[in-house]
Amino acid sequence: MLRPRPLLAALVAALALAPDAGAQDLEALRELLRDQLESSHFAGGLLTLVMFSNEFAVTGAQYSIEDGYATELRTLILPWHTTLRPGGADAPGLYLEGVAGRITAWQHVDDVWAGDLPGAETEVGTRWRSDSVLAGVGVELPLGEELTLTPIVHLGISHYENDTQYLGPGAATTAALLDGLAFNWDGYAWTRGLAARVDWGRPVGDALELDVVGRYDLRWADSFHESDRAQAFSVRGQTASLHGELSGPTGLRVLDGALGWRATLAERSQLEDDLFGNRHLVMIGGALELDGTGAWSVPGTAVLSGAWITGPDLEGWSLGLSWSF
């Protein structure tokens, strides 16, 4: 990602040699840049994109971020979770969850050298993409009639790639220096982690239900099969979220199944890193839910949801379609 601290600091360090370096010293500049990027764990920031396949259960969303790079972010996430109760309703349950998703970010900068190389100005348009799958298993422990605690372990794998184009008088030189190091590369990472989920729910009146989910995630990620050691990383990420829902019936039936509604308010915090400068996100949304007891007679509930998401420098909207059991 175009992230000011690791990437631009590395470019500045490489530029320190530029006044005394000729074309024959390009490899020396690349080696300096490689060392700077590797020591900063530059590519490790992509873990934030993986962790953004989040507890909000947003299956499709579009974001605009005011970070100085005209960042646009698009997500396509397919979340799933269920609890099996082989020992009965009062016994601990086997909790299963999974996520498959693609997150794509587009960024633009007018001059990657910020005017420090007159005559070699280079406009950069770049696309970052992460494709990930993650599976988790846990034990749902009843703590009372309305409260459960679920410890979870995770394992996942991700593929990252960057595609960048250059324009301007310095395009050829910039590409020769940055390609394969900062831009135009791909790699893989495997992730593992722990999570704790607390669910609380109770009836409100005769027809409504209030549910609150609090969650903490701790994940580690290690790169492998990267294009260059400049993209190597071993990093950790932490998130915390609080998710509240009020639901009830609409009194309508579709395909002979009961149609319900749900209103959602959620908050998510990045505890160690940020999403393009945003550590805290708030979501306000709603959904329609159709159970499978009608004409189609399948287990579970189909959910069509929409939401508005905001952060300090972020605005977004989402449209989601999911299935819960």
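About the thresholds
- Residues numbered from 1 in each chain as written.
- Predicted model: local features only at pLDDT ≥ 70, side-chain atom pairs only at ≥ 80, totals over all residues.
- Heavy atoms only, no water.
- Phe/Tyr/Trp six-rings, centres within 6.5 Å; stacked < 30°, edge-to-face > 60°.
- Helix = DSSP H or I, 4+ residues; strand = E, 2+ residues; numbered from the N terminus.
- Buried < 20%, exposed > 50% of the residue type's maximum accessible area, 1.4 Å probe, protein only.
- Lys NZ or Arg CZ within 6 Å of the ring centre and 35° of its normal.
- Contact = heavy atoms within 4.5 Å.
- Polar contact = N/O pair within 3.5 Å; in protein donor to acceptor, adjacent residues only side chain to side chain.
- Axes fitted to C-alpha atoms, helices over the stretch in contact; angles between N-to-C directions.
- Parallel < 35°, antiparallel > 145°, perpendicular 65-115°, else oblique.
- Nonpolar A, V, L, I, M, F, W, Y, C, P; charged D, E, K, R; others polar.
- Patch = residues over 30% accessible without salt bridge, like charges linked within 9 Å, V, L, I, M, F, W, Y side chains within 5 Å.
- Areas by Shrake-Rupley, 256 points an atom, 1.4 Å probe, with all protein chains shown as cover.
- Salt bridge = Lys/Arg side-chain N within 4 Å of Asp/Glu carboxyl O.
- Expected span 1.5 Å × (residues − 1).
- Arc of directions from axis to C-beta.

Undergrad: Explain the packing of aromatic side chains to me, please; I cannot follow it from the model alone.
TA: What describes a pair of aromatic rings is the distance from one ring centre to the other and the angle between the planes of the rings. What the rule picks out here adds up to five aromatic pairs. Note on Tyr188 and Phe224: the rings are 5.7 Å apart at their centroids and 25° apart in plane angle, and the pair reads as stacked. Taken together, the positions of Tyr188 in strand β6 (residues 186–204) and Phe224 in strand β7 (residues 208–224) put the pair 36 residues apart, joining distant regions of the chain. The class for Tyr188 is partly exposed, based on a relative accessible area of 30%. In this structure an aromatic cluster arises from ring pairing among Trp128, Tyr166, Phe183 and Trp185. Here the basic side chain of Arg192 rests over the ring of Trp190, its NZ or CZ set 4.5 Å away from the ring centre.

Undergrad: Even after reading the chapter, I still don't get the environment of Thr264, so can you show me in this structure?
TA: With respect to the helices and strands, Thr264 occurs in strand β9 (residues 257–270). A sequence separation of 23 residues divides Thr264 from Ala287, and the C-alpha atoms of the two residues are 8.2 Å apart. Each residue touching Thr264, except ones within four places of it in the same chain, is listed here: His243, Gly244, Glu245, Met283, Ile284 and Gly285. Within the structure, the side chain of Thr264 is placed 3.5 Å from the side chain of Arg262, a separation counted as a polar contact.

Undergrad: Just checking my understanding: could you explain the packing of helix α2 (residues 26–39) against helix α4 (residues 171–178) for this structure?
TA: Geometry of a packed helix pair, given as the angle between the helix axes and the separation of the axes. At a closest axis distance of 9 Å, the pairing of α2 and α4 adopts a crossing angle of 55°. It follows that α2 is oblique to α4 by the angle criterion. In this structure, α2 uses Leu26, Leu29, Arg30 and Leu33 to contact α4, whose residues at the interface are Ala176, Leu177 and Leu178. Residues of the contact of α2 with α4, tallied by class, amount to six nonpolar, no polar and one charged.

Undergrad: Could you clarify how one ought to interpret a nonpolar patch on the surface in this entry?
TA: Residues Leu84, Leu94, Val137, Val153 and Leu194 make up a contiguous nonpolar surface patch of roughly 380 Å² in combined accessible area. Looking at the secondary structure, you find Val153 in strand β5 (residues 147–167). Here Val153 falls in the partly exposed class, since its relative accessible area comes to 41%.

Undergrad: What is the right way to read the side chain of Thr191 from this model?
TA: Note on placement: Thr191 falls in strand β6. Assessed through its relative accessible area of 1%, Thr191 is described here as buried. Residues contacting Thr191, with those up to four places away along its chain left out, are Leu47, Leu134, His154, Leu155, Gly156, Ile157, Trp220 and Ala221.

Undergrad: Where do I start with unusual backbone geometry in this structure?
TA: Positioned with a positive phi, Ala70 is a non-glycine residue whose angle comes to about 50°. Mapped onto the elements of the fold, Ala70 is located in the loop between β1 (60–65) and β2 (71–84). You will see that His225, though not glycine, has its phi angle at about 55°, which is positive. Here His225 lies in the loop between β7 and β8 (234–254).

Undergrad: When you look at the pattern of salt bridges in this model, what are you seeing that I'm missing?
TA: Between side chains of opposite charge, pairing is possible as soon as their charged atoms come close. Tallied over the entire structure, the rule returns 19 salt bridges. Two residues, Asp222 and Arg192, come together in a salt bridge whose shortest N-O distance is 2.3 Å. Of this pair, Asp222 sits in strand β7 while Arg192 sits in strand β6, and the two are 30 residues apart along the sequence. Taking relative accessible area as the criterion, Asp222 reaches 15% and is therefore assigned buried. Linking Asp199 and Arg197 is a salt bridge whose minimum nitrogen-to-oxygen distance equals 2.9 Å.

Undergrad: Honestly, α2 in this entry has me stumped. Any pointers?
TA: In an α-helix, one turn spans 3.6 residues; hence positions three or four apart end up facing the same way. The end-to-end C-alpha distance of α2 is 20 Å, a good match for the 20 Å that 14 residues give at a rise of 1.5 Å each. Positive phi shows up at His41, right after α2, with a value of about 50°.

Undergrad: Would you explain α4 in this entry?
TA: Where α4 is concerned, the buried positions are Ala171, Thr174, Ala175, Leu177 and Leu178. Buried residues of α4, viewed axially, fall in a sector of 165°; they line one side. Those residues of α4 that are exposed and aimed more than 90 degrees away from the buried face are Ala172 and Thr173. Of the residues flanking the end of α4, it is Gly180, one or two places downstream, whose phi is positive at about 80°.

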